[in-house]
Amino acid sequence: MTGVELPSLVETSLEELEIARLLEAITRSCVSHAGADYVRAMRPSMDIVHIRKEIDCVGEASELLQSGQAIPFDRLGDVSGLLPKTRIAGNFLSAPDLLTVLEALQTSRIIRTFFEYQSTKAPTLYAECTDLVDDRILEKHITDAIDETGLVRDNASRELLSIRREIHELSARLRLRLQRILKKFGEEELLQEEFVTQRDGRFVLPLRVENKRSVEGIIHGVSHSGQTVFLEPAETYELNNDLAILHGREQREMIRILTTLTAEVGSVSHAIEQAAVVLTFVDSVIARARFAMQYGGMKPVITDHEEIEFTNVRHPLLVIAARDPVRDVVPMSIRFDGASRGILISGPNAGGKTVAMKTIGLSLIMAMMGIFPLGMSSLHPRRVMTAIGDHQSIESNLSTFSSQIIRLRDILSHCDSHALVLIDEICAGTDPSEGGALAAGILDSLIERGARFVVTTHQSSLKQYALTRASITNASLEFDGEHLKPTFTFLFGVPGNSYAFALARTVGMPDVVLERAQGYLGDRHNELEQSIQTIQSFRLEAQQLQLQAHAELAKAESLRKDAENRLAEVRKKRGTVVEDAREEAREILRKANSLVENTIREVREQQKSISTIKSTFEEEKQAFSASIDQSEANTIQQVQLDVGDPVTFIGTTSTGTILTIDGGHAKVDVNGITFNVPHSKLERASGIKHVKQSQRNVVEHLKLDARTTLDLRGMRVDEGIRALESFLNDGILAGLHSATLIHGKGTGAMRKAVHDYLHEHPQLSGYRIGSIHEGGDGITVVEF
């Protein structure tokens, strides 16, 4: 039997992954029909250079849009069918068609100019737009000849302007004559209605059908009801003929103008065609950028190595359909490294296995088409081949199993080290033992060919098979065993249970049936299922502990930054205090120098006696010293602080408590850190009561190197209690939240002594025996 060709196999795989629905969602952001068609026709590329260029273009457009920059691309008509006509000599485009060409020219010029200004922010898009046309002369010629409604302007040429003036004057004369005839026929009651109209370009009057022979003239038509005929009176023949001749001249002149414009367009038609191709591409890029912004797409990293990694990616079609994608669509993370070749996903029905597999395939294909996956991704291009869904066919005599086997045969004939194979419920439609063996053989063959693969299954034999293959990783979708419903959380590295018996029980299957069925399974299967459940519970507990550790780390980091900020503030204030003191000393020295200089000048100028000058100098020196003493006294008197007073540092918002007072300085505790500060730099804190010495917890220093674990094994009880007391003191000083005591199991004497001591400790909120994975009865966890 002949297999399918590779392009057909890849195209079928895209259909199974529903790529058309994704592309159709992106087309809704396209401006032009050509852009939408471009998106619908996109296919994954294996060319790394091409993929990176597309991704860079979409990334640059996304950054421009996110920065609030509006890309001026709001219209583009389809010129692909018009431009070939312009290259035919003597041919001409209609005025509306020339307006479509004008629209393409204007958009080309605007987009080119825009990306020239944005060349530093969008260099890749700017390089793509260098081939865009900027022909303002042609734009002006079309704009001067054709108005916005698609009509040729009167002033498109002098001849046309002259002809239309004649038409206007002759039409006015003809209407005036018809009005006189209309009045006459109205008096004779020959008319059906009193108005002038046109038929076949000639002015006519509506007569009653029974009066059609009462007036000489030519009948140009009859109304739908048959009650009215439209007659051209004989006396207006000549005027209508002259008007028809003028209209003919007008038509010929318009054709001449349109032919001239068409020839001008034809001279640059190839450049316009190239510009249209570029604009179509830019339209698709902007649409993909808007899709990424709307649904949280993230720029993928295209690597040269073989690894594939997706972190917190979501299924795009589920996100598009969801009201709240963040809450309703659960993300997943997977990784193919150098050693990992395949992932085997197991778990219950309707648990999300197929969705998870499709998410991987779609995310890879999106990146290869220049569409941002909905999550972080790092990948190397791979040809995606799938066997998903039921392809049974009565006409082709194919069952579910045989149709999948034929598809797998075709995949094996084409897959290589550049392939990613997705298989849903591999070999599920036959005997489980034979199907499991056949599936294992197929997976071995995929590994041998170097392909990567993702496979879903319910078969326990394949879970065990995967455990024996270092290149295959088990995975599953989390299932809430208590409420019997899936959580859709992807568990990488953990196989899943099928929960067939639990689900059967929820729908009312009799217990006697389930008990009998359980007996047929055997102990080995039950042990496997229980082991899987235990692994899942341990993983969940580990994840919770990891989250707690991250939270504690973040809290510690916040405290560290706060301490650094406080230290920087203290250093800054200390510098200010030193500078103030220096300035005060300089002022004192200046005054002293001034006193000495004044005294010397008096000696020289006033010729006073030495005793008089000395007496005056001593008086001024004493007055100067008294002013300094008074200033210090005023400062001390102004503060008047006592031990236990709440104070703030002048010029800051930092608040502390006075521990001791020594002369002109006070020792102040601020959040456990002690400062020695002059009285002059302190003031009483408003709104805070005095704290007695007995009510204060004075901390002279922070313990930043405290341990979180104490090993008491090998110590006597009294030694252990002393070590425990020191350990807890260090933990309190360091601000720890919890700590671990290792006392071992043994006779239990050390554990009892430790628990008795902890029970009476005032700084502990509680303690407990460790869990199994923490060490069980051999450890105690304390909470500060």
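Residues numbered from 1 in each chain as written. Predicted model: local features only at pLDDT ≥ 70, side-chain atom pairs only at ≥ 80, totals over all residues. Heavy atoms only, no water.

Moving on, we get to the sheet that holds strand E9 (residues 376–379). Spatial ordering of the open sheet is given by E5-E9-E6-E7, a layout of 4 strands whose pairing is mixed. Every interior strand has two partners, whereas the edge strands, strand E5 (301–302) and strand E7 (332–336), have only one. Most of the contacts of helix H14 (residues 353–368) go to strand E6 (residues 308–313), to which it runs at about 110 degrees, and overall it touches E5, E6, E7 and E9. (Pairing = 2+ DSSP bridges. Helix = DSSP H or I, 4+ residues; strand = E, 2+ residues; numbered from the N terminus. Contact = heavy atoms within 4.5 Å. Axes fitted to C-alpha atoms, helices over the stretch in contact; angles between N-to-C directions.)

Here we have 6 strands laid out as an open sheet, ordered E10-E11-E12-E8-E13-E14, and mixed in their pairing. Across the chains shown, the open sheet's two edge strands, defined by having one partner strand only, are strand E10 (383–387) and strand E14 (485–492). Each strand of the sheet is rotated relative to its neighbour by a mean of 20 degrees, with strand direction disregarded. The sheet strands contacting helix H15 (residues 400–414) are E10 and strand E11 (419–423), and the helix crosses E10 at an angle near 160 degrees.

Glancing now at the nonpolar core. Membership of the largest hydrophobic core comes to 99 residues, with the highest contact counts inside it found for Ile71, Phe115 and Ile142. Of the residues forming this core, the biggest block, 14 residues, is contributed by helix H11 (residues 269–295). Every residue in contact with Ile71, bar those within four places of it in the chain, is listed here: Ala61, Leu65, Ile111, Phe114, Phe115 and Ile286. In terms of nonpolar packing, the next biggest core, distinct from the first, is built from 25 residues, Ile426, Leu462, Tyr465 and Ala466 among them. (Core = buried A, V, L, I, M, F, W, Y, C linked by side-chain atoms within 4.5 Å. Buried < 20%, exposed > 50% of the residue type's maximum accessible area, 1.4 Å probe, protein only.)

With that out of the way, let us pick up the pairing of strand E13 (residues 472–480). Among the 9 residues that make up E13, 7 are buried, leaving the element largely enclosed by the rest of the structure. Both strand E8 (residues 342–346) and E13 contribute to a ladder of 5 bridges, which runs parallel. Bridge pairing in E13 places Ile345 opposite Ala475. Where E13 and E14 come together, 5 bridges link them in antiparallel fashion. In the strand pairing of E14, Ala475 is matched with Phe492.

Attention now moves to the confidence of the model for the protein chain. Within the protein chain, residue pLDDT values average 81, and 80% of them lie at 70 or more. In the model, residues 634–639 has pLDDT below 50 throughout and makes 4 contacts with residues more than four positions away in sequence or in other chains. Note on residues 691–702: pLDDT is under 50 here. Beyond four places in sequence and across chains, it has 23 contacts. (pLDDT = per-residue confidence, 0-100.)

Between its first and last C-alpha, H14 extends 23 Å over 16 residues, near the 22 Å set by a 1.5 Å rise per residue. Most of H14 sits inside the fold, with 14 of its 16 residues counted as buried. Of the residues one or two after H14, Gly370 is the one with positive phi, at around 75 degrees. (Expected span 1.5 Å × (residues − 1).)

Where helix H22 (residues 717–734) meets helix H23 (residues 749–760), the axes come as close as 10 Å, and the angle between the chain directions of the two elements is 40 degrees. Regarding the angle of H22 to H23, the classification is oblique. Crossing of H22 over H23 shows right-handed handedness. Here Val717, Gly720, Ile721, Leu724, Glu725 and Leu728 of H22 come into contact with H23, specifically with Met750, Ala753, Val754, Tyr757 and Leu758. Split into classes, the residues belonging to the contact of H22 with H23 amount to 9 nonpolar, 1 polar and 1 charged. (Parallel < 35°, antiparallel > 145°, perpendicular 65-115°, else oblique. Left-handed = near helix turned anticlockwise from the far one by under 90°. Nonpolar A, V, L, I, M, F, W, Y, C, P; charged D, E, K, R; others polar.)

Tracing the sequence through the fold places Leu477 in strand E13. A relative accessible area of 5% means that Leu477 is categorised as buried. When the C-alpha positions of Leu477 and Thr489 are compared, they lie 5.4 Å apart, and in sequence the two are 12 residues distant.

Here the focus is the packing of aromatic side chains. Inspection of the entire model under this criterion finds 3 aromatic pairs. Look at Tyr38 and Phe281: their rings are 6.2 Å apart centre to centre, the planes differ by 75 degrees, and that puts the pair in the edge-to-face class. In this pair, Tyr38 is assigned in helix H3 (residues 33–40) and Phe281 in helix H11, connecting sequence segments 243 residues apart. Residue Tyr38 is classed as partly exposed on the basis of its relative accessible area of 30%. Owing to a relative accessible area of 7%, Phe281 belongs among the buried residues under this scheme. When the centroid spacing of 5.0 Å and the interplanar angle of 55 degrees are considered together, the rings of Phe291 and Tyr295 count as tilted. Placement of the pair is Phe291 and Tyr295 together in helix H11, with a separation of 4 residues, close to one helical turn. (Phe/Tyr/Trp six-rings, centres within 6.5 Å; stacked < 30°, edge-to-face > 60°.)

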